[in-house]
Each structure stands twice: as structure tokens, then as C-alpha cells.
Amino acid sequence: MEEWLGRLVMNNTKLFSVLILFSVALCGMAHGVVVEGIYLPPVSAKALESALHPLAPEILASYVNRISKTHVFDQFAGQNERLAAEATNAKPLEIGAGFPVDMASEELVGEAILDGDWTVYLTAIQSVDAYGVRLQVDLSGLGGQDEVWVVDPVIARAFGPYTQADARDGGRWLATIPRDTAVLMVRTTGGTMPQVRLTGLSHLFRPIDGLAGDMSKVLVCNIDITGEQDAAIQEASTAVGLVMISYGYNTGLGSGSLINNAATPALEPYFLTANHVIDSQTEVNNTEIIWDYQTSGLDISELPRSEADTLLVTNGTLDGTLISLTSVPVGEYGRAYLGYDTDPPQVNEDVIDMHHPLGSYTRISYGKIRETNLTVTVNNGGTDQTYLRETKIGWDDGVTEGGSSGSTFLYASNLCIGGALTGGPSHICGAGPTVNHDFFSSFRYFYDSISPAYFPGIAPELVSFAVNNGNNFTTSRVIRLNNSSLYDAAEYQASELPDFSDAQWEAYSQSPYFTVSEGLGVKTIYFKVKNVFGESSVVADTITLSEGIQCFGGMSKATRTGIPLQSAAGDLLVCGLLLSSLLFLGRRLRFV
């Protein structure tokens, strides 16, 4: 990969065996305050199969064939179009409506199935005409030997196990199952029937994958991520997740991305989305992330998933939310943790956005930043919400739709996160960026909310250092120390002593003045910077202090006591004209 240079391979015993680091060149030269991303290569087919199927499909299939009890709910039969039309979308795109249920184990499950040490109880739960089903259960009555799983009966994949430790106040929402039927499996190695209660059901009235229904409502000008030719962008797309959240008994969806915390060696499972997508721990408890939904025709039950774990930070004014996940599986495309850039976005800067419009597979949009630092009022389901520090992006190619909310825009120059999607007007194919634009939160300002509590700060790094912009000579003891740094340098020290024993910390500047010691000759200046998180490495440069005439890049300075000599016309003398000028002025000028 030419774009992701300087990769470093290391061991990581937490989740993965190999890490590949994006280089600082990718995510650190065009913008000042940045963190590089990480890309993990794909796992083997055997490892992926083991992760996707913790219970063997053939065993699950044999269980499904022996189900003795089915519960059919027809509250929303034939009503999908009405439910979609009446959806308020007060949060992100609503795709499911639900209702409470109160059904204990004795009524809920069928006859016991004996399988070695396990006693297994099953029930099929159908919501007529649903594109998908999500079940809410009370796990608080489970014993230490009890497990609950939810099974897709079509492909025989089980999600779980859920134990008493996974119980939540108000009930625990289990993994989403596509199509209209989910199988609830309760098993134990104990001698009594586990006590679990079905407390709610969410009926998905919009399709969430190409197998579940007609996806023609997605705008045709959406651009498939699979058509992207840049392999670096393809790798970055593996950080994008489809977010499924239950609000009460309803279900909504959005988008978001994994984000890298480069200040620690561990791979924290941090996920960034919008505040209007997730804004509370209760919503985090009801959230799952679906990965690798990259092409049409996929069944989401065949894709890796993560469960949300903890709300770390959310900000309703800046429309940002950072959460942690229980774990992050690596799929057949690998997995990326995106870097981020906290420098101010620049008007006309190229950007991209990868997202899940209407809950469909990943699309990509290409555009430019049009305006920055805006105050935007968005109507969410009849309620106006004002967001600050928003960035306006106009799309030249591709669009966004409901379900894209929370997706992160990336600077095209470095593939670093700049903000999360708040919203915008309805897009029209072919309308151009004047109509097809969106507003994104500012990660630059949201970062202040998450660092250093969750993103420990990074000591600054010096990118460049040159005395007097690299000139070799000076006739003045007062010089400039031109430098640039990453990661918010706050102070600097400069000295002619390598141990800085005569120096004091000064407020950081990119070109501070410095007075060298008396005496002609070569002067070596040592320089370093720091912030509250630490100091940079020491750098040094040299310059020669001399008297008289020296040429600098085609120009010359004839000085007396450090003051440039100018011609009568006020122009600085040029090397090529210097001799004749001095002959003319020689009667009045004497160098000391």
C-alpha cells in the first residue's frame, strides 16, 4: 500500500496476533494534531467460521427440527407500509415498532431436549410479515449454570450466550434476527428449568438486508464501496459499522466507526457515532454493531457483530458520542481503527464518508468542505435541536440518506476522522452539492470531551526544526528558531547546551527568537517542546555567526551592527550586483 507507508508489525495478546500501523505520513503531515489509524489483516477462514458459529450449525439445525412450541404474534401483520409512513424518526431512522410481552419459562419454551450434559429448551417466536425480529428478555432469574441464546433458524447461527451477568434493568435486547422468526434457546447443566421471561418484541417493518426485501428505495446515486479502487479506502471501510438500537420497544439504525487510541498499546474497542443516534447508557445497553455489510445480497446473520458495552462520553451540543464495545471481531476484510484529525477543517478540502443508507450495505460519498464552525438547527421528529461547531460538506458524487447518521467523514488526504454526520436536506440524484449537502459534528471540539479521560494525551513530536529557515550564516546574534510539531506543543526550550541547564520553558511558538552567545563561529542550538503529557525528543541545528557580507539563497546582506544595508532605492542588495554597489558606496562605508 503506497498510501499506508511505514507499517510496523508487532504482537498483541489482547485480541489479535498482528497489527499493521498506518504511518504518520498518512495521518500526520497535512494536519497538525492527528492520530494514526490501525489496520488488522483478515483472519483465516477457519478462525472466522469459529467466531461466527460458537455452536455448530449442524447441532443447531437438529435442535430447530425438534422445536415443540411456537408463539405467533400478528399485531403488525400487513402493516409494514403504515408503520414506515408513521415513523417519527425522532432519533435516527426508525425501522422497527414493538410491544411488551409477559411470558415466563413454563409458558414460553417447549419440551426439554437432552444433549450430553445439557438440557435444552426451545421456542420459535414469529412476528407475522416482519423483515426482522428482536427479542427482549429478563435474564435476572437465571442460575450460574444457565445460558440463553437466540438463533436464526434459516442459517442455524446462534448469538450468545447471555447469562445472568448480562441482565439489564427493564430487560435485555438480544441480537437482531432477519426475517419473521427467531428461535429462543435456553439451556442448562443444572437440574431445573432456567427461569427466563420474554418481556418485549420489536417487529422490523423496513428491510435491513438484500435478502429480506426490496432495497429499491435506496437512491440509485449511492456509490457501492466495492467499486472503490483505492485499497487504503477499502481497508478503512472495515471500521464502519451498522448500528442497531432499540428505543423502548422500537428499533432504529445508524452508522459509526471504530476509532483508534494511539496513546496506549492496547486496542480499546472505541466506537464513534452521533449523540442523536446514541445518547444514554440505556441506549448503549440496547445497541449492537454489524460489521462487513459491504455488498448486496448478504444475510446479516452471516456477518460479525459486536455488542455495545459502556457510554464513555456524549455531547448533545456537539452531536458526538463515544462508546466502548465488548469486543471487536476481525472479519474476512480485516478490521480498521480509524485515526483522527483535530486541526480546523479547511474550506474546499476533499473528504469522503462511508455509511449505511436505509440500513443497506456500505456506500461511499465524495465531496468538499463548504463551510465550517456553523450553528445548525435540525428537526428531529418534531423537536428542534441546535448543534454548534458544525461542518458543511457538499457531495460531488454519492449521497447520504436516513441510516447514514453517525457516520464519520474522513479527510481524503489522510483518511482521518473529522466529524460525525448530524443530518441535512433530502438528497436528489444529480442535484449537485448545492442541494446534496450535510452537516457534520466537529471532532476537533468533541475531542476536548474525551481527552485525556479516555484518549490519554500524547507528548508532542517535532516534525521540523531549522535556524533562520535553514540559512547557514547570520551577522546578528538574534535568530529565529523555525519549527513545526504534532500533538499540541505548549512550551519550548532552546539552548546552546545539550542539557538545557541554562534554559527556561517558554510559551510555544513556531518561530521564537533566540540570542546566541557572543563570539564568531559555529553555534549549535538545541530545541525541544512539551505539553502536559510529556516532552519531545531533542533536535538541533547549527548556524555560523559572522561579520561582513554573506549571500543567502541568491540575496546578500551587507551589515553594520546587524542592520541590513540598502540601496538608495530601498532594495536589499543582490549578490550579483553587490560588487558594483559596494564600489559606489565604498567611500562612505567601513566594516568593523
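In this text the structure is predicted, and so the values were computed from the model without any measurement.

Describing the pattern of salt bridges
So, step 1. By the definition in use, this model includes 17 salt bridges.
So, step 2. Between D102 and R197 there is a salt bridge, and its shortest N-O distance comes to 2.6 Å. Within this pair, whereas D102 is found in strand β6 (residues 93-104), its partner R197 is found in strand β15 (residues 197-204), the two being separated by 95 residues in sequence.
So, step 3. On the basis of relative accessible area, D102 is assigned to the exposed category, the value being 58%.
So, step 4. Residue R197 is classed as partly exposed on the basis of its relative accessible area, which comes to 34%.
So, step 5. E307 serves as the salt-bridge partner of R172, at 2.9 Å between the closest nitrogen and oxygen. Here E307 lies in strand β21 (residues 305-315) and R172 lies in strand β12 (residues 172-173), a separation of 135 residues in the sequence.
So, step 6. The exposure class assigned to R172 is buried, which follows from its relative accessible area of 4%.
So, step 7. Residue E307 is classed as partly exposed on the basis of its relative accessible area, which comes to 26%.

Points about the confidence of the model for the protein chain
So, step 1. On average, residues of the protein chain score 86 in pLDDT, and 85% of them are at 70 or above.
So, step 2. Here residues 1-32 is modelled with pLDDT under 50, and outside its nearest four sequence neighbours on either side it reaches 89 contacts, counting other chains as well.
So, step 3. For residues 210-214, every residue scores under 50 in pLDDT, and the model assigns this stretch 12 contacts once sequence neighbours within four places are set aside.

Quick notes on the environment of G171
So, step 1. Structurally, G171 is set in the loop between β11 (157-162) and β12.
So, step 2. As for G171 and S140, which are separated by 31 residues in sequence, their C-alpha atoms are 8.6 Å apart.

Observations regarding the side chain of T181
So, step 1. Position of T181 among the secondary structure elements: in strand β14 (residues 181-188).
So, step 2. Within the structure, the side chain of T181 is placed 3.0 Å from the side chain of D180, a separation counted as a polar contact.

Things to note about the nonpolar core
Inside soluble globular proteins, nonpolar side chains tend to come together where they are buried.
So, step 1. With 51 residues, the main nonpolar core has I259, L325, M354 and F443 as its most contacted residues.
So, step 2. Ignoring anything within four residues of it in the chain, the contact list for M354 reads I225, I233, A236, S237, V240, T362, R363, I364, S407, T408 and L410.
So, step 3. Ranked by size, the runner-up nonpolar core spans 32 residues in total, among them V133, V137, F159 and L174.

Things to note about the pairing of strand β17 (residues 240-247)
So, step 1. Taken across its eight residues, β17 has eight buried, putting it largely inside the fold.
So, step 2. Taken together, the eight bridges between β17 and strand β18 (residues 250-258) define a ladder with antiparallel strand orientation. Each bridged residue has a counterpart across the sheet, and for V240 the counterpart in β18 is S257.
So, step 3. Hairpin connection between β17 and β18: a loop of two residues separates the two successive antiparallel strands, and G248 in this loop has a positive phi of roughly 65°.
So, step 4. Where β17 lies against strand β20 (residues 287-291), five bridges are found, and the strand directions are antiparallel. Among the inter-strand pairings, L242 is bridged to a residue of β20, identified as I290.

Some points on the packing of aromatic side chains
So, step 1. In the structure shown here, the tally under the stated rule is 17 aromatic pairs.
So, step 2. Seen in terms of ring centroids, F409 and Y411 are 5.4 Å apart; in terms of plane orientation they differ by 80°. Their pairing is edge-to-face. With respect to burial, F409 and Y411 carry one shared label: buried.
So, step 3. Each residue in the set Y270, Y340, F443, F446, Y447 and F455 is aromatic and connected to the rest through ring pairs, giving one cluster.
So, step 4. Its guanidinium or amino end placed over the ring of W118, R187 lies 3.8 Å from that ring's centre, counting from NZ or CZ.
So, step 5. Above the face of the Y445 ring, R389 is positioned so that its terminal group lies 4.3 Å from the ring centre.

Cut-off values and rules
Residues numbered from 1 in each chain as written. Predicted model: local features only at pLDDT ≥ 70, side-chain atom pairs only at ≥ 80, totals over all residues. Heavy atoms only, no water. Salt bridge = Lys/Arg side-chain N within 4 Å of Asp/Glu carboxyl O. Helix = DSSP H or I, 4+ residues; strand = E, 2+ residues; numbered from the N terminus. Buried < 20%, exposed > 50% of the residue type's maximum accessible area, 1.4 Å probe, protein only. pLDDT = per-residue confidence, 0-100. Contact = heavy atoms within 4.5 Å. Polar contact = N/O pair within 3.5 Å; in protein donor to acceptor, adjacent residues only side chain to side chain. Core = buried A, V, L, I, M, F, W, Y, C linked by side-chain atoms within 4.5 Å. Pairing = 2+ DSSP bridges. Phe/Tyr/Trp six-rings, centres within 6.5 Å; stacked < 30°, edge-to-face > 60°. Lys NZ or Arg CZ within 6 Å of the ring centre and 35° of its normal.

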